[in-house]
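Fold and contact review
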Amino acid sequence: MIHPYDNSTQTRWDRGELKVQLNQLNNPRPIGFCDGTPEDFTELCSIAENEGVDDMIIDKKTLKTGREIWTLSGGEHPGEQSDDE
């Protein structure tokens, strides 16, 4: 289940209760949190599709604690430039 960012979910992340922090590329504040299950991945894909993102990319970073930070972007890997630029 995707938990949108708010004070209570941030506190749960800080305590280690949630396994994955969801970030949006070039946005310093998390957009939400989840447990990293296949169902969470499916839900993220569904949300991206509903928002018109054709090619969602998830850049996963594993922390020393074993938790992860997933940076979500649409169509480009972090640091890549499109042909339009």
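The notes below deal with the structure included here.

1. With respect to helix α1 (residues 7-14)
- Buried residues of α1: Thr9, Gln10 and Trp13, and no others. For α1, the buried positions fall inside an angular range of 105° around the axis, keeping them on one side. More than 90 degrees from the buried face of α1, the exposed residues found are Asn7 and Asp14.
- Packing partners of the buried residues in α1 comprise β1 (3-4), β2 (20-24), β3 (32-34) and β5 (68-74).
- Glycine 16 occupies a position one or two residues after α1 and carries a positive phi of about 85°.

2. Comments concerning the side chain of glutamine 21
- Tracing the backbone through its elements, the reader meets glutamine 21 in strand β2.
- The class for glutamine 21 is buried, based on a relative accessible area of 11%.
- Ignoring any residue separated from it by four or fewer positions in sequence, one finds glutamine 21 in contact with Trp13, Pro30, Gly32, Phe33, Glu68, Ile69 and Trp70.

3. Description of the sheet that holds β5
- Taken in spatial order, the five strands make up an open sheet running β1-β3-β2-β5-β4, and their pairing is mixed. Each edge of the open sheet carries a strand with a single partner, namely β1 and β4 (56-62).
- In the sheet, β2 pairs with β3 via three bridges, with the strands oriented antiparallel. By the bridge assignment for β3, glutamine 21 is matched with phenylalanine 33.
- Docked against the sheet, helix α2 (residues 38-50) engages β2, β3, β4 and β5, running at close to 140° with respect to β4.

4. A word on the nonpolar core
- Core analysis: the largest hydrophobic core is formed by eight residues, namely Ile2, Val20, Leu22, Cys34, Leu44, Ile58, Trp70 and Leu72.
- For this core, the secondary-structure elements that each account for two or more residues are β2 and β5.

5. As for the pairing of β2
- Taking burial as the measure, the five residues of β2 include four buried ones, the bulk of the element.
- Two strands pair when backbone bridges link them, and β2 and β5 are joined in this way by five bridges, in the parallel orientation. Across the sheet, the residue bridging to leucine 22 is tryptophan 70, located in β5.

6. Comments concerning the packing of aromatic side chains
- The full count for this structure, using the stated rule, is two aromatic pairs.
- Each residue in the set Tyr5, Trp13 and Phe33 is aromatic and connected to the rest through ring pairs, giving one cluster.
- The ring of tryptophan 70 has lysine 60 lying over it, and the distance from NZ or CZ to the ring centre is 4.5 Å.
- Looking at arginine 67, its charged tip hangs above the ring of tryptophan 13, at a distance of 3.9 Å from the centre.

So, how was this worked out
- Residues numbered from 1 in each chain as written.
- Predicted model: local features only at pLDDT ≥ 70, side-chain atom pairs only at ≥ 80, totals over all residues.
- Heavy atoms only, no water.
- Buried < 20%, exposed > 50% of the residue type's maximum accessible area, 1.4 Å probe, protein only.
- Helix = DSSP H or I, 4+ residues; strand = E, 2+ residues; numbered from the N terminus.
- Arc of directions from axis to C-beta.
- Contact = heavy atoms within 4.5 Å.
- Pairing = 2+ DSSP bridges.
- Axes fitted to C-alpha atoms, helices over the stretch in contact; angles between N-to-C directions.
- Core = buried A, V, L, I, M, F, W, Y, C linked by side-chain atoms within 4.5 Å.
- Phe/Tyr/Trp six-rings, centres within 6.5 Å; stacked < 30°, edge-to-face > 60°.
- Lys NZ or Arg CZ within 6 Å of the ring centre and 35° of its normal.

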